[in-house]
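Chain by chain, the residues:
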Amino acid sequence: MTTDPIERELLMGLARNESKATETIYKQHYNMVQAMIINNSGTADDARDIFQEAIMVVYEKAKSHEFELHCRLKTYIYSVARRLWLKRLQQITRFSSEVEEVAESVPVEEELEQHELQNQAFQMMEKAMHSIGEPCKSLLEAYYIHRKNMAEIAGDFGYTNADNAKNQKYKCLTRLKKLFFAQYKNQAV
């Protein structure tokens, strides 16, 4: 099957229909497939469907004693899901030749590597957000996540006007950037 003993055990558990193996595979790989599908004209529902189909393909392969996995399980699941998604897009669109061109132009490894780097950056940003402290964390979330305008933020946080709230947001953002890039430099070393 695979040289990694943990992945081999997961595949054997999947072949035996063990719920723990299925749950582990889902937890480890679903977000990656969901991000790929949503970033390529899909929805969360599409991602669930495609992931389910991909797991069924892996399940059928794992049951086969001749199956040999020559890459990481993550790469295999990603490539199966990607193929299934491209096939689905091909069925949906009238321009199937364009979809085939896209499939040939971006290798799976590059997409997966880009997704991993993006995921690391998001994790570093999340860590920086937790480190920044209050009220900066709440203020930045109000502006960037909840899409509140400066007048609303001024009222919620007790600033005298929108300009003061804007100045505070700028200071908080500067602190967040410093925290993020300090982590980024530490990881690169």
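Parameters and conventions
- Residues numbered from 1 in each chain as written.
- Predicted model: local features only at pLDDT ≥ 70, side-chain atom pairs only at ≥ 80, totals over all residues.
- Heavy atoms only, no water.
- Disulfide = S-S within 2.5 Å.
- Helix = DSSP H or I, 4+ residues; strand = E, 2+ residues; numbered from the N terminus.
- Buried < 20%, exposed > 50% of the residue type's maximum accessible area, 1.4 Å probe, protein only.
- Contact = heavy atoms within 4.5 Å.
- Salt bridge = Lys/Arg side-chain N within 4 Å of Asp/Glu carboxyl O.
- Arc of directions from axis to C-beta.

Draft legend 1. Main features of the state of the cysteines. Summed over all chains, the structure comprises 1 disulfide. Between the sulfur of C136 and that of C172 lies a disulfide, 2.1 Å long from S to S. Disulfide C136 to C172: torsion about the S-S bond roughly -70°, handedness left-handed. Taken as a pair, C136 in helix 7 (residues 136-145) and C172 in helix 9 (residues 162-188) lie far apart in primary sequence, 36 residues in all. By the burial criterion, C136 is buried, and C172 matches it.

Draft legend 2. Main features of the side chain of Q183. Here Q183 shows up in helix 9. Owing to a relative accessible area of 16%, Q183 belongs among the buried residues under this scheme. If near-sequence neighbours (up to four positions away) are discounted, Q183 is found in contact with M124, K127 and A128.

Draft legend 3. Up close: the side chain of D46. When you line up the elements, D46 lands in helix 3 (residues 44-63). Residues within four places of D46 in sequence aside, it is in contact with I37, W85 and R88.

Draft legend 4. A look at the pattern of salt bridges. In the structure shown here, the tally under the stated rule is 7 salt bridges. Across the pair E53 and R88 runs a salt bridge, and its minimum N-O distance is 2.7 Å. One end of the pair, E53, is in helix 3; the other, R88, is in helix 4 (residues 73-92), and 35 residues separate them in sequence. E141 is the salt-bridge partner of K137, the closest N and O atoms lying 3.4 Å from each other. Of this pair, K137 and E141 both sit in helix 7, separated by 4 residues, roughly a single helical turn. Residue K137 is classed as buried on the basis of its relative accessible area of 18%. Connected through salt bridges with shared partners, the residues E9, R16 and E18 form a single ionic network.

Draft legend 5. Expanded view of helix 1 (residues 5-15). If you check which residues of helix 1 are buried, you get E7, L10, L11, G13 and L14. Projected down its long axis, helix 1 carries its buried residues within an arc of 160°, all on one side. Residues of helix 1 that are buried in the fold lie against helix 2 (19-38), helix 3 and helix 4. Of the residues flanking the end of helix 1, it is N17, one or two places downstream, whose phi is positive at about 65°.

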